[in-house]
Amino acid sequence: MIAIENVRLFDEVQAKTRDLTESLEQQTAMSEVLEVISASAGELEPVFQKMLENATRVCGARFGVMSLWDGTHFNFAAGYDVPPTLRPARKNTPIPPIGALAKVIETRRFFHIPDVRSSPGYLARAPHTVEIAELAGARTLVIVPMLKENELIGIITIYRQ
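Residues numbered from 1 in each chain as written. Predicted model: local features only at pLDDT ≥ 70, side-chain atom pairs only at ≥ 80, totals over all residues. Heavy atoms only, no water.

## As for the overall build of the protein
Logical step 1: Helix and strand content of the protein: six helices and five strands.
Logical step 2: Written out in order from the N terminus, the α and β elements of the protein read α-α-β-β-α-α-β-α-α-β-β.
Logical step 3: Counting the 161 residues in the protein, one finds 34% classified as buried.
Logical step 4: Once local pairs closer than 6 in sequence are excluded, the contacts in the protein between residues at least 24 apart make up 51%.
Logical step 5: For the protein, the exposed surface amounts to about 9900 Å²; the carbon and sulfur share of it is 59%. (Helix = DSSP H or I, 4+ residues; strand = E, 2+ residues; numbered from the N terminus. Buried < 20%, exposed > 50% of the residue type's maximum accessible area, 1.4 Å probe, protein only. Contact = heavy atoms within 4.5 Å. Areas by Shrake-Rupley, 256 points an atom, 1.4 Å probe, with all protein chains shown as cover.)

## Digging into the pattern of salt bridges
Between side chains of opposite charge, a pair can form when the charged atoms approach closely.
Logical step 1: Using the criterion set out here, one finds five salt bridges in the structure.
Logical step 2: The shortest N-O distance in the salt bridge between Arg 108 and Glu 151 comes to 3.8 Å. Of this pair, Arg 108 sits in the loop between α4 (100-107) and β3 (111-113) while Glu 151 sits in strand β5 (residues 151-160), placing them 43 residues apart in sequence.
Logical step 3: Judged by relative accessible area, which is 24%, Arg 108 ranks as partly exposed.
Logical step 4: Where Asp 115 meets Arg 117, a salt bridge forms, and the shortest distance between an N and an O atom there is 3.5 Å. (Salt bridge = Lys/Arg side-chain N within 4 Å of Asp/Glu carboxyl O.)

## Considering unusual backbone geometry
Logical step 1: Located in the positive-phi region is Arg 108, a residue other than glycine, with phi close to 60°.
Logical step 2: Even without a glycine there, the phi angle at Asn 150 is positive, about 65°.
Logical step 3: Here Asn 150 lies in the loop between β4 (140-148) and β5.
Logical step 4: The class of Asn 150 is exposed, set by a relative accessible area of 52%.

## Some thoughts on α4
Logical step 1: The set of residues buried in α4 consists of Ala 100, Leu 101, Val 104 and Ile 105. The buried side chains of α4 occupy one side of the element, clustering within an arc of 145° when seen end-on.
Logical step 2: Those residues of α4 that are buried lie in contact with β1 (63-69), β2 (74-80), β3, α6 (127-134), β4 and β5. (Arc of directions from axis to C-beta.)

## As for the packing of aromatic side chains
Any two aromatic rings considered together are summarised by their centre-to-centre distance and by the angle between their planes.
Logical step 1: A full pass over the atoms with the stated rule returns two aromatic pairs.
Logical step 2: A centroid spacing of 4.6 Å and a plane angle of 15° characterise the contact between Phe 63 and Tyr 159, whose relative ring orientation is stacked. Highlighted residues: Phe 63 in strand β1 and Tyr 159 in strand β5, separated in sequence by 96 residues. Here the two residues Phe 63 and Tyr 159 agree in accessibility, since each one is buried.
Logical step 3: Note on Trp 69 and Phe 74: the rings are 4.7 Å apart at their centroids and 40° apart in plane angle, and the pair reads as tilted. Accessibility assignment for this pair places Trp 69 and Phe 74 in one class, buried.
Logical step 4: The cationic tip of Arg 125 hangs over the ring face of Tyr 122; the distance from NZ or CZ to the ring centre is 5.1 Å. (Phe/Tyr/Trp six-rings, centres within 6.5 Å; stacked < 30°, edge-to-face > 60°. Lys NZ or Arg CZ within 6 Å of the ring centre and 35° of its normal.)

## Describing the pairing of β5
Logical step 1: Taking burial as the measure, the 10 residues of β5 include seven buried ones, the bulk of the element.
Logical step 2: Alignment of β1 against β5, held across six bridges, turns out to be antiparallel. If you follow Gly 64 over to β5, its bridge partner there is Ile 158.
Logical step 3: The sheet contact formed by β4 and β5 spans nine bridges and is antiparallel. In the sheet register, Lys 148 faces β5, and the bridge partner there is Glu 151. (Pairing = 2+ DSSP bridges.)

Below is the structure:
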């Protein structure tokens, strides 16, 4: 009975430690973004870069992309650890709002794709989805909308391989 109680207490302590570690990681990331904002004197690129870097790291992902919404397409704003094979395609090609991106626009909520290769976009051979899977090796992704007063201004997409 004592051993069972010790295991339960140990598990409880481990869970609280994980929660505290995650909370500290998030607070550190926010602090870093605020430092960049105060030092950037109105420049958005370093702020976007730090936000993306921290989001990717906190999520334990391999790479991430931030895109801004112009009302018809998503345009590259920042990348973090984007595989070299994908960089030119992402930087120079606006992405139309189809599939998961259309859902994010419609709902203003995040969208998770557990396996890119079984997604409707990949199966329909949508160029940007095929590039993500085949050029970058992404398998799982989450798209998080960036909102200003409930209006979509962009997205952060985090990829795992």
